[in-house]
Every structure is written in C-alpha cells, then in structure tokens.
Amino acid sequence: MSIKVCINGQLFDKEDAKISVFDHGLLYGDGVFEGMRSYSGRVFQLQQHLDRLWESARAIHLEIPGSKQQMATAVNETLAANQLTDGYIRLIVTRGSGTLGLDPNRCSDPQVIIIADKIALYPPENYEQGLELVTASTIRNHPAALSPRIKSLNYLNNILAKLEGLRAGCVEALMLNHKGEVAECTGDNIFIVRRGVLMTPPIDAGILEGITRNVVLELAQQNSIAISEIPFTRHDIFVADECFLTGSAAEVIPVVKLDGRPIGAGVPGKVTNQLIEAFKKLVHGG
Ligand code: PMP
C-alpha cells in the first residue's frame with residue numbers, strides 16, 4: 001500500500017503528493033514544522049505540538065490556514081489512512097509558492113503537509129547500550145540570528161553538525177551555543193545527572209523547547225528527582241555520572257561517551273533507566 005500524504009486537507013498517494021518548486025519552503029527554508037509520535041492510536045502531546053507549531057509560525061509572520069482543531073482532525077485522518085496506530089507524524093507548513101525573490105509577502109498559498117510513517121532514528125542497540133557523541137564545531141544558531149525556539153525548515157546548521165558526527169562514526173553530535181555552553185544535539189535535547197541532580201540547559205541557552213524535555217522534567221519531579229535548568233559546559237558532561245537525550249522521534253536514549261571520554265561508568269545510568277521506564281509507562285498508558 002502506498003503511503004498517503006495529506007496536503008491542504010486532501011489525501012494523495014506518496015507519488016502524487018507534490019508542491020511547487022517555487023514554494024519558498026524549498027527555495028529558502030521558509031516554513032515551520034513539527035515531528036510527533038502516536039502510541040496505540042493516540043498522538044502524544046498533540047496539543048503541545050500544535051501550540052509550538054502556531055508559535056513558530058507567529059514568530060516568522062506566517063499565518064497557518066485553518067484552526068488547531070482542523071489540524072488535529074487532519075493528523076488523525078492521515079494516521080487512519082495509513083493504518084498506523086504507532087507511528088511518526090511530520091507536520092509542515094511552508095510559506096507557499098512565490099517569485100524568485102525573498103519577499104514572503106508575494107507568497108499567497110501556504111502549504112500544509114502531513115506525513116505519517118514509521119521512524120527509527122537510531123539503531124535499536126543504542127537504546128540498550130547508549131550512544132557515543134562528538135562535539136560538533138558547528139554551533140547552534142545564534143538566538144539573535146534565528147531563534148532555536150522556532151522550529152523552522154532551516155535546519156542547515158544542525159545538518160552540518162550531524163555530518164560532523166557521522167564522519168566521526170557517531171549518529172548524533174553535541175552542539176554548543178555561541179557562548180561555548182552546551183545547547184543540545186542536532187535533533188534532541190540533552191540531560192546530565194551529577195550527584196543525584198538532573199540538569200538540562202535552560203531555554204535561553206539557545207535551544208528548542210523540546211516537548212519530550214518538558215515531559216521528562218515532569219516525570220523527574222513525580223519521581224522525586226532533583227532538577228536544575230542551568231547552563232553547563234562540555235566539562236560538566238565529562239564529569240557527569242549519567243547523560244541522555246530526549247526527542248519525539250528519539251524518545252529517551254542514554255549517552256555513554258562524549259569525545260572519547262566514557263561518561264560515569266560508561267553504561268546507561270540508574271536515573272536514566274528510571275526515566276526511560278517512566279516514559280515508556282506514560283506513552284504506553286501502563
Ligand atoms: N532539539 C532539536 C534541534 C530538535 O529538532 C528536536 C526535535 N526533533 C528536539 C530538540 C526535541 O524536541 P521534541 O522533544 O519536542 O521532539
């Protein structure tokens with residue numbers, strides 16, 4: 001069965017799901033997106049993802065056609081059309097087709113695209129044994145250039161960082177901010193545990209306010225784990241007891257090595273495993 005893609009409320013076979021080559025989403029990365037998962041037929045944190053999509057759009061002066069309720073319905077219809085109960089959903093809103101100049105005011109037809117498919121971001125063994133990271137020389141966007149809080153279609157600096165990771169044999173790379181502090185990874189937020197305290201960079205470190213990040217902070221609170229949203233450096237990861245990443249696609253995944261240094265005992269840590277279990281229980285409704 002061909003994958004069905006929803007464009008502007010209409011379902012198309014993957015082969016026929018097309019938009020204009022004059023779309024500024026393609027020409028300039030002018031647009032916004034979301035990535036989310038559905039578990040047992042329910043889209044996890046759907047409202048939060050829709051809120052963030054609308055906030056990203058507002059920040060780039062893009063009006064999303066239709067309401068959040070209509071978008072939610074279209075997401076569920078796309079999942080159903082693909083007979084998916086457990087899958088990954090990509091929501092994209094482009095500026096629409098315009099002329100060969102930057103001017104977004106000359107684009108009048110924003111395209112709303114919904115793709116539902118399976119995703120396996122990292123190899124399954126990494127979830128058991130943990131990931132190895134390298135620090136990329138490409139830094140996260142300077143917030144005054146393009147705020148990392150906007151989930152825009154402009155991911156080129158993250159892609160350059162990802163290429164650095166892949167060249168070093170790692171499936172993820174750590175990105176620092178313009179001050180040299182830890183920001184996040186190319187597609188995930190980062191956490192460390194030191195002396196029993198769970199730490200993650202604050203939003204103003206120049207990161208995406210990850211929805212999984214917020215869920216994990218809440219789970220930590222419920223499990224009486226001390227939390228601190230505080231800036232830290234690569235050194236803090238070297239001397240941490242544990243490290244892990246969070247993301248809608250990645251879920252919660254342990255990190256056991258950074259730039260060749262084993263983190264803690266070099267195996268997924270106790271707090272990490274506790275939070276992975278709590279996360280699984282939450283999403284699978286256990
Ligand atoms: N940081 C970046 C750069 C991302 O692209 C993502 C999403 N893939 C995340 C963090 C994680 O965010 P979320 O938990 O909302 O998926």
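Bear in mind that the values here come from a model prediction, so they are computed numbers and not experimental data.

Rules behind the numbers
- Residues numbered from 1 in each chain as written.
- Predicted model: local features only at pLDDT ≥ 70, side-chain atom pairs only at ≥ 80, totals over all residues.
- Domains from an automatic or database assignment.
- Contact = placed C-beta atoms within 7 Å.
- Helix = DSSP H or I, 4+ residues; strand = E, 2+ residues; numbered from the N terminus.
- Nonpolar A, V, L, I, M, F, W, Y, C, P; charged D, E, K, R; others polar.
- Core = buried A, V, L, I, M, F, W, Y, C linked by C-beta atoms within 7 Å.
- Buried ≥ 20, exposed ≤ 12 C-beta atoms within 10 Å, placed from the backbone.

Novice: Let's hear about the domain arrangement of the chain: which residues, and what values?
Specialist: Its domain assignment divides the chain into domain 1 (4-117) and domain 2 (124-283). If you average the C-alpha positions of domain 1 and of domain 2, the two centres end up 26 Å apart. Counting residues at the interface gives 20 residues for domain 1 and 11 residues for domain 2. Those elements giving two or more residues to the side of domain 1 that touches domain 2 turn out to be β3 (31-39) and α2 (46-59). Element by element, the count of residues in the side of domain 1 that touches domain 2 is highest for β3, at 8 residues. Among the residues making up the side of domain 1 that touches domain 2, the classes are represented as 8 nonpolar, 8 polar and 4 charged.

Novice: Run through the nonpolar core, naming residues and quoting values.
Specialist: In this structure, Ala173, Leu174, Met175, Phe191, Val216, Cys243 and Val255 are the most contacted members of the largest nonpolar core, which totals 42 residues. Once residues within four sequence positions are removed from consideration, cysteine 243 is found in contact with Ile190, Phe191, Ile192, Ile237, Val255 and Ile263. With 19 residues, the next largest nonpolar core counts Leu50, Leu79, Ile113 and Ile114 among its residues.

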